[in-house]
Amino acid sequence: MNRVIKTILRAVLRPDKNGQLLESQLTSGLWTRAFSGLVLIGLMFAFTSILQAFSGNIPAIPLILPLGLENYFVWQAVLFVPWLILSWLLVSWLAGLTLEMFGAKKFSWRQLSAGLALSLYPFLFWLWLPHFFTSVLYLLGMSQKEWVDLVSNPGWFQTVYISLVVIALLSGWLATCLTVSARRWVKKGASLLVGSLSYLVVVLFIFVLIR
């Protein structure tokens, strides 16, 4: 578990080192740790979802999935880990197909999926922080109206909340592009395109579920 946590922290704080990590730990169980890290972060989201469900919170933005409004956060807690893993595997498969379209013949699907998992850590971690803060505020007795007012009106909470979401989106995109281009499976321009498209798809998947 300590190695998994260290891998997560390294990927969050130094996403520019993901390529070196893939190169230096090709046979040291990196894929398993990358997978375990996704499960761990998914459980963190499940935990904060349970906290919001326990506090009686309901989503403040429209739902996409046909799940009950009153029990949405319970469903979110149950579904988040498998949803995250399936999204990652699907995007890894699509990214591999795209690399082959650009002429990459000698690349490792295992390395590619591990690299994409590492690249998702910054996005997921920074996105989890406002989710955690929101759940804590609800547990402390804040009403949904008060929370909506905090997010809607200019002030410290809105600034922090929006900043964390922006950091999550930008850091995840940067990490994905750096990781894919560092392996040099295809030309740099094609690598940036594959990284950007892969990241966009997985972000859309996450935002379909997360509230």
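First things first, this report covers the structure right here in the doc.

Considerations on the packing of helix α6 (residues 144–152) against helix α7 (residues 156–182)
Move 1: Between α6 and α7, the least distance of the axes is 6 Å, while the angle of their chain directions is 75 degrees. Judged by the inter-axis angle, α6 sits roughly perpendicular to α7. Residues W147, L150, V151 and S152 of α6 form the contact with α7, whose own contacting residues are F157, Q158 and Y161.

So, the nonpolar core
Move 1: One finds L38, F45, L99, Y121, F123 and L124 to be the most contacted residues of the largest nonpolar core, which totals 48 residues.
Move 2: Secondary-structure elements contributing two or more residues to this core are α1 (2–13), α2 (18–24), α3 (30–54), α4 (72–101), α5 (109–139), α7 and α8 (188–209).
Move 3: Top contributing element to this core by residue count: α5, with 12 residues.
Move 4: Discounting residues that sit within four places of it in the chain, L38 has contacts with L84, I85, W88, A117, L120, Y121 and L124.
Move 5: Core analysis: the second largest hydrophobic core is formed by 5 residues, L137, Y138, W147 and F157 among them.

As for the packing of α3 against α4
For any two helices packed against each other, one specifies the crossing angle of their axes together with the interaxial distance.
Move 1: Viewed as axis vectors pointing N to C, α3 and α4 meet at an angle of 160 degrees, and their least axial separation amounts to 8 Å. It follows from the interaxial angle that α3 and α4 lie roughly antiparallel. At the point where α3 passes α4, the crossing takes the right-handed sense. Residue-level inspection shows W31, F35, L38, V39, G42, L43, F45, A46, S49, I50, Q52 and A53 of α3 in contact with α4, the latter providing F73, V74, Q76, A77, F80, V81, L84, I85 and W88.
Move 2: Of the residues in the contact of α3 with α4, the class split is 17 nonpolar, 4 polar and no charged.

Topic: the packing of aromatic side chains
Here a ring pair, both rings aromatic, is described through the centre-centre distance and the interplanar angle of the planes.
Move 1: For the structure on display, the rule yields 14 aromatic pairs.
Move 2: Their ring planes at 85 degrees and their centres at 5.7 Å tell us that F123 and Y199 sit as a pair that is edge-to-face. Placement of F123 in helix α5 and of Y199 in helix α8 is noted, with a sequence separation of 76 residues between them. For the pair F123 and Y199, a shared accessibility class is recorded, and that class is buried.
Move 3: Aromatic pair W147 and Y161: ring centres 5.9 Å apart, planes at 80 degrees, arrangement edge-to-face. One end of the pair, W147, is in helix α6; the other, Y161, is in helix α7, and 14 residues separate them in sequence.
Move 4: The exposure class assigned to Y161 is partly exposed, which follows from its relative accessible area of 23%.
Move 5: Here the aromatic cluster, defined as three or more aromatic residues joined through ring pairs, consists of Y138, W147, W156, F157 and Y161.

A few points about α5
Move 1: Relative to the 45 Å expected for 31 residues at 1.5 Å per residue, α5 spans 43 Å between its end C-alpha atoms, a close match to the ideal helical length.
Move 2: With 23 of its 31 residues buried, α5 lies for the most part within the structure.
Move 3: A positive phi of about 105 degrees marks G141, the residue just after α5.

Brief notes about the environment of S108
Move 1: Tracing the chain through its elements places S108 in the loop between α4 and α5.
Move 2: Its relative accessible area of 25% is what places S108 among the partly exposed residues.
Move 3: Linking S108 and W185, residues 77 residues apart in sequence, is a C-alpha distance of 9.3 Å.

Scoring rules and cut-offs
Residues numbered from 1 in each chain as written. Predicted model: local features only at pLDDT ≥ 70, side-chain atom pairs only at ≥ 80, totals over all residues. Heavy atoms only, no water. Axes fitted to C-alpha atoms, helices over the stretch in contact; angles between N-to-C directions. Helix = DSSP H or I, 4+ residues; strand = E, 2+ residues; numbered from the N terminus. Parallel < 35°, antiparallel > 145°, perpendicular 65-115°, else oblique. Contact = heavy atoms within 4.5 Å. Core = buried A, V, L, I, M, F, W, Y, C linked by side-chain atoms within 4.5 Å. Buried < 20%, exposed > 50% of the residue type's maximum accessible area, 1.4 Å probe, protein only. Left-handed = near helix turned anticlockwise from the far one by under 90°. Nonpolar A, V, L, I, M, F, W, Y, C, P; charged D, E, K, R; others polar. Phe/Tyr/Trp six-rings, centres within 6.5 Å; stacked < 30°, edge-to-face > 60°. Expected span 1.5 Å × (residues − 1).

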